[in-house]
Structure formats: structure tokens, C-alpha cells
Amino acid sequence: GGGTDPDTAAATLAEALLDAHSTEPGEPRRAATAIAQVLGPFAAAHGRFPAVSELRELLDGTPHAFAALREALDAAGAHSMVRELAAREREAARPDDIGPRLADRVALLDRPAFAGFFDVTGRSRPFSMYALEHPLRVRIELPERGHAEASRILTRLVLAQFTAAVAARRDRSLFACLVLDDASHTITADAVRGLARLRSANAGVLLTLRTLDDVPEHLRTALLGAVGCRMVLSG
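Please read these numbers as outputs of a predicted model, since none were measured by experiment.

Participant: Got a minute to help me understand the overall build of the chain in this structure?
Facilitator: Per the secondary structure count, the chain includes 9 helices and 2 strands. Counting from the amino terminus, the chain carries its helices and strands in the arrangement α-α-α-α-α-α-α-β-α-β-α. Relative to the 2.2 N^0.38 estimate, which gives 18 Å for 235 residues, the radius of gyration of the chain is 18 Å and therefore close to what a compact globule would have. Projecting the C-alpha coordinates of the chain onto the three principal axes gives extents of approximately 55 × 40 × 35 Å. Of all 235 residues assigned to the chain, the portion counted as buried reaches 39%.

Written out as C-alpha cells, the structure is:
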């Protein structure tokens with residue numbers, strides 16, 4: 001999404017990959033830690049974040065992926081990151097490690113339909129949320145029919161990137177708005193916290209929900225409090 005900090009990117013990815021409807025308490029924190037343990041070393045070794053297939057292998061604990069990254073770290077002289085990678089390898093050996101579950105979620109995005117969208121070489125110049133300081137309008141059309149679960153992940157990713165990017169804007173004179181024509185399975189605890197900060201950032205989000213059942217029960221009151229108003233239209 002244009003970000004460069006591994007910890008911020010890990011938290012954003014963790015929020016997007018996990019569906020709040022089926023997430024246990026503490027899992028988002030564990031997921032963010034696991035992702036950060038591979039993003040940090042990979043960025044130090046290669047000067048970029050991993051591609052979707054590379055991230056999938058590392059989260060799945062593939063031995064050759066760990067070995068290749070360790071060699072790249074040694075070649076780059078990033079010895080401090082070797083300890084971070086070693087911590088991930090130890091966690092990957094545990095039967096309750098969250099890595100394989102995250103790898104399965106990433107696998108939903110490792111499809112030809114999304115290959116151009118996740119280009120990490122910079123050649124295709126994908127849109128960055130951090131371009132919101134300029135007047136522009138962007139439409140993101142997701143292939144919901146063939147990739148419904150992947151579309152939900154991408155929607156959560158877009159929302160997380162938006163709330164982070166608008167808060168980081170230096171020039172807030174322009175009103176920034178994100179419209180989600182289907183916000184079901186999109187609201188997470190971090191998303192609610194991000195929505196509460198939008199007013200002071202001169203930004204807003206329009207969430208269309210068929211019913212509040214599309215929002216986890218424990219987040220409904222917080223969501224309504226964050227948006228400050230609500231409108232119900234039949235149909």
C-alpha cells in the first residue's frame with residue numbers, strides 16, 4: 001500500500017488476513033508478530049517486501065525459503081535480523097503455530113487474477129493509498145464471483161490502508177473518502193479504531209451493510225459509536 005515500515009505493514013496484513021467473525025482473542029497480535037518476523041528480515045535482505053508467493057512460503061515454514069533468506073541476510077550484512085528470522089523458525093516448529101493458517105489465507109491471493117495487482121518490482125506502478133494528498137478518484141473492482149474470500153481480504157486490506165494513509169497525510173485540506181459497496185466481513189477491532197480517527201483527519205468512510213449481522217456482535221456498539229450516526233434504508 002505504499003508503506004515502508006515492516007511492523008506497520010505486518011499489523012495491516014494481519015488485520016486483512018483474519019476474519020473477525022472467526023478470530024479468537026489474541027490471534028491478531030500473534031499474526032502481526034509472525035508476519036513481522038518475516039517482513040523485517042526480508043526487507044533488510046532485499047530492500048523490498050516479499051511477493052505474495054514468497055510471503056506464503058515463509059509463513060508456511062518452508063525450509064528452503066528460510067535458508068535462502070538467511071543467506072541473503074548474511075550477504076547483506078544484516079546480522080541483527082538473523083535473530084528475528086530464527087525466532088520465526090522456532091515458532092514454525094510448534095504445532096500451534098499460526099503461520100500455516102496465515103499461509104493458507106495468503107494462498108487465496110496467490111492467483112493469476114491478482115498477479116499484476118501485487119507487483120513488487122515497481123514496473124507496473126500500482127496505486128498507493130499514500131497518493132491521497134492529491135485530487136484523484138480511484139475505483140477498485142474485485143472479482144467477487146470467482147474469488148469471494150480473496151475479495152473480502154482485499155477489502156479489509158484497502159480499509160486498513162486507507163485509515164493509516166489519511167492519518168499520515170501532511171496536507172489534510174482535501175476531504176478523503178472511501179466508499180465500500182459491500183462492507184460485510186470487513187469490520188475488525190483495528191478498523192473501528194481507525195474509523196474513530198477519520199474525522200480529525202478530514203476523511204470519512206461509507207460502509208454499506210445488508211444487516212448488522214455482517215459485523216461481529218462484540219464490535220457493533222463500538223462501530224456505531226465510531227461513525228456517530230446511522231441510517232437504515234429498506235432494500
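Participant: Looking at this structure, I do not really get the packing of helix α2 (residues 27-46) against helix α5 (residues 80-92). What am I missing?
Facilitator: When two helices pack together, their arrangement is given by the angle between their axes and by how far apart the axes lie. Relative orientation of the contacting elements α2 and α5 amounts to 145°, with a least axis distance of 9 Å. Crossing geometry of α2 relative to α5 is assigned as left-handed. Judged by residue contacts, A34, A36, Q37, V38, G40, P41 and A44 of α2 engage M81, E84, L85, A87, R88 and E91 from α5. Here the residues of the contact of α2 with α5 sort into 8 nonpolar, 2 polar and 3 charged.

Participant: Explain unusual backbone geometry here, please?
Facilitator: A negative phi angle characterises most non-glycine residues, just as the trans form characterises most peptide bonds. With a phi close to 60°, H185 is a non-glycine residue in the positive phi region. Topologically, H185 is positioned in the loop between β1 (176-180) and α8 (189-196). One non-glycine residue, N202, lies in positive phi territory at about 55°. Mapped onto the fold, N202 is located in the loop between α8 and β2 (203-207).

Participant: Is there a simple way to think about the confidence of the model for the chain in this case?
Facilitator: Regions with low pLDDT carry predicted coordinates that are not meant to be interpreted in detail. Looking at the chain, pLDDT values average 86 and 91% of them are 70 or higher. Mean pLDDT in the chain bottoms out at helix α9 (residues 217-227), which sits at 86, and peaks at helix α3 (residues 52-59), which reaches 94.

The rules behind these values
Residues numbered from 1 in each chain as written. Predicted model: local features only at pLDDT ≥ 70, side-chain atom pairs only at ≥ 80, totals over all residues. Heavy atoms only, no water. Helix = DSSP H or I, 4+ residues; strand = E, 2+ residues; numbered from the N terminus. Rg over C-alpha atoms; globule rule 2.2 N^0.38 Å. Buried < 20%, exposed > 50% of the residue type's maximum accessible area, 1.4 Å probe, protein only. Axes fitted to C-alpha atoms, helices over the stretch in contact; angles between N-to-C directions. Left-handed = near helix turned anticlockwise from the far one by under 90°. Contact = heavy atoms within 4.5 Å. Nonpolar A, V, L, I, M, F, W, Y, C, P; charged D, E, K, R; others polar. pLDDT = per-residue confidence, 0-100.

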